[in-house]
Amino acid sequence: MAQIHHCDICIVGNGAVGKAAALGLAQAGLTVRVLCESAAPAVASADWDVRVFALNHVAYDLLDQLKVWGALDHSRVAAVTGMQVKDGAEQRDGQLGFDAYSARTQELAWIVENRNLNLALDSALRFAQNLQLHVGQAQQLHVDAQAARLTLADGDVIEAKLIIGADGAQSWVRGQCDIGMDYRSYGQKGVVTNFECSKPHHGVAHQWFIEDQGIIALLPLPGQRVSLVWSAPDALADRLVREPLSGLVSALEHYCLETHGHLTPVLPEDIKAFPLRLMRPHSLIAERVALIGDAAHVVHPLAGHGMNLGFGDVADLLRLVKQRDEFRDCGDARLLEAYRRARKQDVLLMQVTTDGLSRLFGSDLGPARLVRNLGMNLLDRLPLIKNKLISHAMGR
């Protein structure tokens with residue numbers, strides 16, 4: 001027989017952002033149910049995950065508050081202590097550098113593998129009170145003034161005061177709420193894999209803007225490993241994935257030989273590509289519904305802030321739920337409106353910045369290149385403005 005399951009909050013989706021939200025809300029004393037299609041936890045592996053995140057101080061603070069940061073395998077976490085950005089590969093090209101010392105911090109960010117992050121979150125979820133994983137598939141969402149109800153494929157119903165859509169870029173929850181969305185493909189794919197380098201990276205992340213070839217980023221991993229994130233035009237990305245890795249190594253060493261030395265693939269068969277797009281839902285909220293993570297926004301990965309925006313969503317929503325008046329439930333319209341306002345500036349700024357930089361550095365027109373080079377070199381000589389930029393990127 002079909003059952004009705006009651007809870008304060010139902011989170012649809014169990015990616016890292018959804019797990020963090022579930023953990024934080026359960027720790028705040030709310031009853032939480034996570035609806036997911038599979039409850040299989042992340043599996044530890046000695047291999048290096050090609051999907052990594054550059055977590056900033058907002059993400060660090062949230063994960064530390066949730067007691068998750070200390071549960072990470074820190075032998076597989078690399079601190080970013082500097083960043084070098086270059087418009088091209090030649091010595092005369094514009095360049096811009098950031099370092100932790102100038103920003104008055106020990107780390108600008110931390111590079112964490114997707115698997116490492118999810119292992120720590122899964123471990124914390126197993127011991128969380130007031131929290132249940134519910135394996136199933138939602139088929140219908142009905143909302144009224146008292147509650148939101150999810151009808152599942154097996155006939156069961158989950159009734160909650162608040163539904164949180166953490167179900168990714170193709171969010172089912174968002175679609176059920178008829179929230180419109182602006183969508184634009186960049187005509188690029190993110191090519192990711194890992195390398196050993198013959199020179200130490202000293203904790204410095206490097207990024208090259210290469211006109212018709214996209215954006216190359218080499219992020220530091222522990223030891224002398226680096227993680228590649230190459231935002232490449234579709235045709236180039238398909239070729240890089242399809243052809244032997246020797247071609248990719250040769251293309252990369254043209255830019256990084258001086259800084260990283262020779263590259264050796266960590267796992268030659270482990271190279272992936274994913275499409276890059278800009279997705280802007282017209283609202284982060286609906287009646288008794290809040291969107292977080294990729295369900296709420298998808299940005300270009302050139303600044304590595306997609307996951308940080310998601311953790312920022314969780315931090316703001318968690319703060320507002322904790323601070324709400326006692327007579328308001330967690331799906332109250334005023335609370336959700338406060339969440340929408342709290343996230344508006346950060347999300348819009350990151351969308352505009354990443355989209356604008358992608359357009360600017362994607363132009364191969366001579367005047368645009370000249371302006372870029374002059375602007376980068378000038379900014380590199382203005383420490384006050386540079387430090388404001390890096391402080392914002394760090395989440396401060």
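Structure's up top.
Residues numbered from 1 in each chain as written. Predicted model: local features only at pLDDT ≥ 70, side-chain atom pairs only at ≥ 80, totals over all residues. Heavy atoms only, no water.

**Student:** What is the right way to read the overall build of the chain from this model?
**Tutor:** Counting its regular elements, the chain contains 10 helices and 19 strands. Residues counted as buried form 52% of the 396 residues belonging to the chain. (Helix = DSSP H or I, 4+ residues; strand = E, 2+ residues; numbered from the N terminus. Buried < 20%, exposed > 50% of the residue type's maximum accessible area, 1.4 Å probe, protein only.)

**Student:** What is the right way to look at helix α5 (residues 234–242) in this model?
**Tutor:** Along an α-helix, a turn takes 3.6 residues, which lines up residues three or four apart on a common side. Every buried residue of α5 is listed here: Leu236, Ala237 and Leu240. Around the axis of α5, the buried residues are gathered within 100 degrees of arc, so they sit on the same side. Opposite the buried face of α5, by more than 90 degrees, sit the exposed residues Ala235 and Arg242. Elements that come into contact with the buried residues of α5 comprise β12 (181–197), β15 (225–233) and α6 (245–260). (Arc of directions from axis to C-beta. Contact = heavy atoms within 4.5 Å.)

**Student:** Explain the packing of aromatic side chains here, please?
**Tutor:** Given two aromatic rings, their pairing is described by the distance between the two centres and the angle made by the two planes. By the definition in use, this model includes three aromatic pairs. A centroid spacing of 4.9 Å and a plane angle of 70 degrees characterise the contact between Tyr60 and Trp69, whose relative ring orientation is edge-to-face. The exposure class assigned to Trp69 is buried, which follows from its relative accessible area of 7%. Plain terms: the ring middles of Trp69 and Trp110 are 5.4 Å apart, the flat faces sit at 70 degrees to each other, and that makes the pair edge-to-face. Note that Trp69 is positioned in the loop between α2 (57–65) and β4 (78–80) and Trp110 in strand β7 (residues 109–113), a separation of 41 residues in sequence. Here the guanidinium or amino end of Arg76 rests over the ring plane of Trp48, the centre of that ring lying 4.2 Å away. (Phe/Tyr/Trp six-rings, centres within 6.5 Å; stacked < 30°, edge-to-face > 60°. Lys NZ or Arg CZ within 6 Å of the ring centre and 35° of its normal.)

**Student:** I tried to follow unusual backbone geometry on my own but got confused; where do I start?
**Tutor:** With glycine set apart, most residues show a phi of negative sign, and most peptide bonds adopt trans. For His202, which is not glycine, the phi dihedral falls at a positive 55 degrees. Residue position: His202 is located in the loop between β12 and β13 (204–210). Unusually for a residue other than glycine, Arg288 sits at a positive phi of about 60 degrees. Topologically, Arg288 is positioned in the loop between β18 (285–286) and β19 (289–291).

**Student:** Looking at this model, I keep getting lost on the packing of helix α1 (residues 16–27) against helix α3 (residues 114–126). Mind explaining?
**Tutor:** In a pair of packed helices, the angle between the axes and the distance between the axes together describe the arrangement. Two numbers describe how α1 lies on α3: the axes approach to 10 Å, and their chain directions differ by 30 degrees. Here α1 lies roughly parallel to α3, going by the angle between them. Considering only the axes of α1 and α3, their crossing is left-handed. Across the interface between the two elements, Ala16, Lys19, Ala20, Ala22 and Leu23 of α1 pack against Leu117, Asn118, Leu121, Asp122, Ala124 and Leu125 of α3. Here the contact of α1 with α3 is built from residues that sort into eight nonpolar, one polar and two charged. (Axes fitted to C-alpha atoms, helices over the stretch in contact; angles between N-to-C directions. Parallel < 35°, antiparallel > 145°, perpendicular 65-115°, else oblique. Left-handed = near helix turned anticlockwise from the far one by under 90°. Nonpolar A, V, L, I, M, F, W, Y, C, P; charged D, E, K, R; others polar.)

**Student:** Would you take a moment to explain the environment of Asp316 for this structure?
**Tutor:** Along the chain, Asp316 turns up in helix α7 (residues 306–323). Residue Asp316 is classed as buried on the basis of its relative accessible area, which comes to 14%. For the pair Asp316 and Ala342, spaced 26 residues apart in the sequence, the C-alpha separation amounts to 6.9 Å. Filtering out sequence-adjacent residues up to four positions away, Asp316 remains in contact with Ala342 and Arg343. Here Arg319 takes part through its side chain, which lies 3.3 Å from a polar atom of the side chain of Asp316. (Polar contact = N/O pair within 3.5 Å; in protein donor to acceptor, adjacent residues only side chain to side chain.)

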